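Okay, here's what each chain looks like letter by letter:
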Amino acid sequence: MLNRIILMGRLTRDPELRRTQSGVAVASFSLAVDRDFADKSTGTRATDFIDIVAWRGTAEFVSKYFSKGRMAVVEGRLQIRDWQDRDGNKRRSAEVVADNVYFGDSKRDSDGGSYGNRSTGSYGGGSNNGYAPAAPQNNSYSAPSAPVVSEFAELSDDDGELPF
């Protein structure tokens, strides 16, 4: 069976970092994620607000580097929790438990700049127990200075028939 989810959206509030009684870090935040389709009558896209929970190093990374309005990409699994409210009614909540969190924009973009290069820093809890995020990669493109020469030659004895 497979329970895997990938979301991209903006944080609706600053992450809230807490610790369990045993000292394990846990961060809670939510993402505003636009739907892929627009309403036919209004032409607007609906937005879903999805609760996210991150643990350990991922929680510390999120609370340190993300804030309200930042674009984030979250990889994780969907978890359904049953609980009781103050009146004793049974309730059910869905949340995503984050395995990896990536920057969906660059720091410049989150400060109101134009969208250009995208930073790809990330941190996933997994087997890496360190707290430092991965170094951002340079995703810029520069055109080659010399013309590109193809190493492929055209076949002269091609009869147009496929070999299978």
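Residues numbered from 1 in each chain as written. Predicted model: local features only at pLDDT ≥ 70, side-chain atom pairs only at ≥ 80, totals over all residues. Heavy atoms only, no water.

S.K.: Explanation requested: the packing of aromatic side chains in the structure shown.
M.R.: The geometry of two aromatic rings is summed up by the distance between their centres and the angle between their planes. Scanning the model with the defined rule gives 5 aromatic pairs in all. Considering the side-chain rings of Tyr65 and Phe103, the 6.4 Å spacing of their centres and the 85 degrees angle between planes classify their relative orientation as edge-to-face. With Tyr65 in helix H1 (residues 56–65) and Phe103 in strand S6 (residues 90–103), this residue pair connects regions lying 38 residues apart in the sequence. For Tyr65, a relative accessible area of 31% corresponds to the partly exposed category. We classify Phe103 as buried; its relative accessible area is 15%. With 4.8 Å between their ring centres and 20 degrees between their planes, Phe66 and Phe103 make a pair best called stacked. On the criterion of sequence distance, the pair formed by Phe66 in the loop between H1 and strand S5 (71–84) and Phe103 in strand S6 is long-range, its members being 37 residues apart. Phe66 gets classed as buried once you look at its relative accessible area, which sits at 4%. (Phe/Tyr/Trp six-rings, centres within 6.5 Å; stacked < 30°, edge-to-face > 60°. Helix = DSSP H or I, 4+ residues; strand = E, 2+ residues; numbered from the N terminus. Buried < 20%, exposed > 50% of the residue type's maximum accessible area, 1.4 Å probe, protein only.)

S.K.: Before we go on, may I ask you to explain the pairing of strand S3 (residues 25–38) in this structure?
M.R.: A regular strand carries its side chains on alternate faces of the sheet. In terms of strand pairing, strand S1 (residues 5–11) meets S3 through 2 bridges, oriented antiparallel. Opposite Leu11, over in S3, you have Leu31 as the bridge partner. In this sheet, S3 lies alongside strand S2 (residues 16–19) in antiparallel orientation, the contact comprising 4 bridges. When the bridges of S3 are listed, Arg18 appears paired with Val26. Where S2 folds back onto S3 in an antiparallel hairpin, the turn is made up of 5 residues, including Gly23, whose phi is positive at roughly 90 degrees. Bridge count between S3 and strand S4 (residues 45–55): 10 bridges; the pairing is antiparallel. Bridge assignment links Ala32 to a residue of S4, and that residue is Phe49. (Pairing = 2+ DSSP bridges.)

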